[in-house]
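This is what each chain is made of:
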Amino acid sequence: MQITNLRLAVLVGLASASTWMVGPVRAQVPTIRIDGSSTVYPVTEAVAEEFQAKNRGKVRLTVGISGTGGGFKKFLRGELDIVDASRPISEDEMNACSEKGIGYVELPICFDAITVLVNRRNDWATSITVEELKKIWEPSAQGSVTQWSQIRAGWPSEKIVLYGPGADSGTFDYFTEAVCGTSRASRGDYTASEDDNVLVQGIDGDRFALGYVGLAYYEGNRERVKALAVQWRKNKVETPVSPGIDNVLNATYNPLSRPLFIYVSRTSADRPEVRQFVEFYLAEGATLAKEVGYLPLPDAAYTACLARFDQRQVGTAFGGVPEIGVTIDEVLKRQPVSDSKSAAKTRMAAPPRGAKK
């Protein structure tokens, strides 16, 4: 028995020594920490996989999907190098970064089209207007607008089962701004998740479901769900417009088209592996964005983004709120700001909501 205990003690000691010796070697592999929007996730994950394949064993990337707001919360705690964001940084987040001395470089990386989905067995709806979407999703609809028949005559007297992003999602912020007129103004009686895969699964499982997700999650699940064409009176388009790359490019899928972003920590940007990853992202992002169902930016925009990153231009080109219908050219011409006073001036100078750019 004594010999057995001695052997056990030796084995434990060797294991501890081995862990002590291997630990520092593993720690030498640098890690890039990314989290945030589930909408941006498919692009960033694709870029991360390609980058790791190219730099096998030299760098490790982690990519999470806690939502845009969740990503910025982690960013403020110093837990991330890059935030995936499906909306611009908010004024509260700007102020928090300023108070903590945290700098960030804002980089648009592709376009998205928020897509309104229904179950494939839905045989009554092929399109919907922005006004009807507002009727469904505005805060006053909670508990009062509950059936399809209340939205449009001829639709069934069946309960609408709603799915949508949670409050930490940038898609939630943008959709409520575009549809309801105020960011974060929404009914609360729906199934919410920051993971668009969960929303697709829910819509796929209920004939009377309706929800909204990023375009890539529709493109990857066409056999499971159906997208509704959207009509917006302010857009002066005679017929409803389907979500898709061409309609985003020709600016007819409004007001649900928007740019997507990554926010790079100013401090992290000076690390060689982060710098190399961001440069790789801007070089390969156009191809990979298209592969996962999003619309790449024009080539000139990626060149401008690279220049912004190389110069470490800290701040945002927005006024702390999402802007509807803004063009990438306009965004990249603006001087980034990082304080709320300058942000307020930017917001006041922005064209009215829905105005042509």
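Shown above is the structure to which this text applies.
Quick caveat: nothing in here was measured; it's all calculated off a predicted structure.

Trainee: Can you help me understand the packing of aromatic side chains in this one?
Mentor: Any aromatic ring pair is given by two values, namely how distant the centres are and how the planes are angled relative to each other. On inspection of all chains with the given rule, the structure shows 15 aromatic pairs. An angle of 80° between the planes, with centres 5.4 Å apart, marks the rings of Trp124 and Trp148 as edge-to-face. Here Trp148 lies in the loop between α5 (130–137) and β7 (161–164) and Trp124 lies in the loop between β5 (115–119) and β6 (127–129), a separation of 24 residues in the sequence. By the burial criterion, Trp124 is buried, and Trp148 matches it. Geometrically, the ring pair formed by Trp148 and Trp155 is edge-to-face, given 5.5 Å between the ring centres and 70° between the ring planes. Residues Trp148 and Trp155 agree in their burial class; the two are buried. Ring-pair connections join several aromatic residues into one group, and the members of that group are Phe72, Phe75, Tyr104, Phe261, Tyr263 and Phe318. Taking the ring centre of Phe309 as reference, the NZ or CZ of Arg312 above it sits at 4.5 Å.

Trainee: Teacher, can you tell me more about a negative patch on the surface here?
Mentor: Together, Glu49, Glu50, Glu284 and Glu291 give the surface a local cluster of negative charge. Position of Glu50 among the secondary structure elements: in helix α2 (residues 41–54).

Trainee: Whenever I open this one, the sheet that holds β7 confuses me. Can you help?
Mentor: Strand pairing in a sheet relies on backbone hydrogen bonds. The paired strands run either parallel or antiparallel. Spatially, five strands are ordered β8-β7-β9-β5-β10 in an open sheet, and the strand pairing comes out mixed. Bordering the open sheet on either side are β8 (191–192) and β10 (225–227), each of which pairs with just one other strand. Sheet topology places β7 next to β8; two bridges connect them, and they run parallel. By the bridge assignment, Tyr163 is partnered in β8 with Thr191. Where α5 meets the sheet, it contacts β5, β7 and β9 (209–213), and its direction lies at approximately 100° from that of β7.

Calculation criteria
Residues numbered from 1 in each chain as written. Predicted model: local features only at pLDDT ≥ 70, side-chain atom pairs only at ≥ 80, totals over all residues. Heavy atoms only, no water. Phe/Tyr/Trp six-rings, centres within 6.5 Å; stacked < 30°, edge-to-face > 60°. Helix = DSSP H or I, 4+ residues; strand = E, 2+ residues; numbered from the N terminus. Buried < 20%, exposed > 50% of the residue type's maximum accessible area, 1.4 Å probe, protein only. Lys NZ or Arg CZ within 6 Å of the ring centre and 35° of its normal. Patch = residues over 30% accessible without salt bridge, like charges linked within 9 Å, V, L, I, M, F, W, Y side chains within 5 Å. Areas by Shrake-Rupley, 256 points an atom, 1.4 Å probe, with all protein chains shown as cover. Salt bridge = Lys/Arg side-chain N within 4 Å of Asp/Glu carboxyl O. Lys, Arg positive; Asp, Glu negative; His and termini not counted. Charge placed at Lys NZ, Arg CZ, Asp CG, Glu CD. Pairing = 2+ DSSP bridges. Contact = heavy atoms within 4.5 Å. Axes fitted to C-alpha atoms, helices over the stretch in contact; angles between N-to-C directions.

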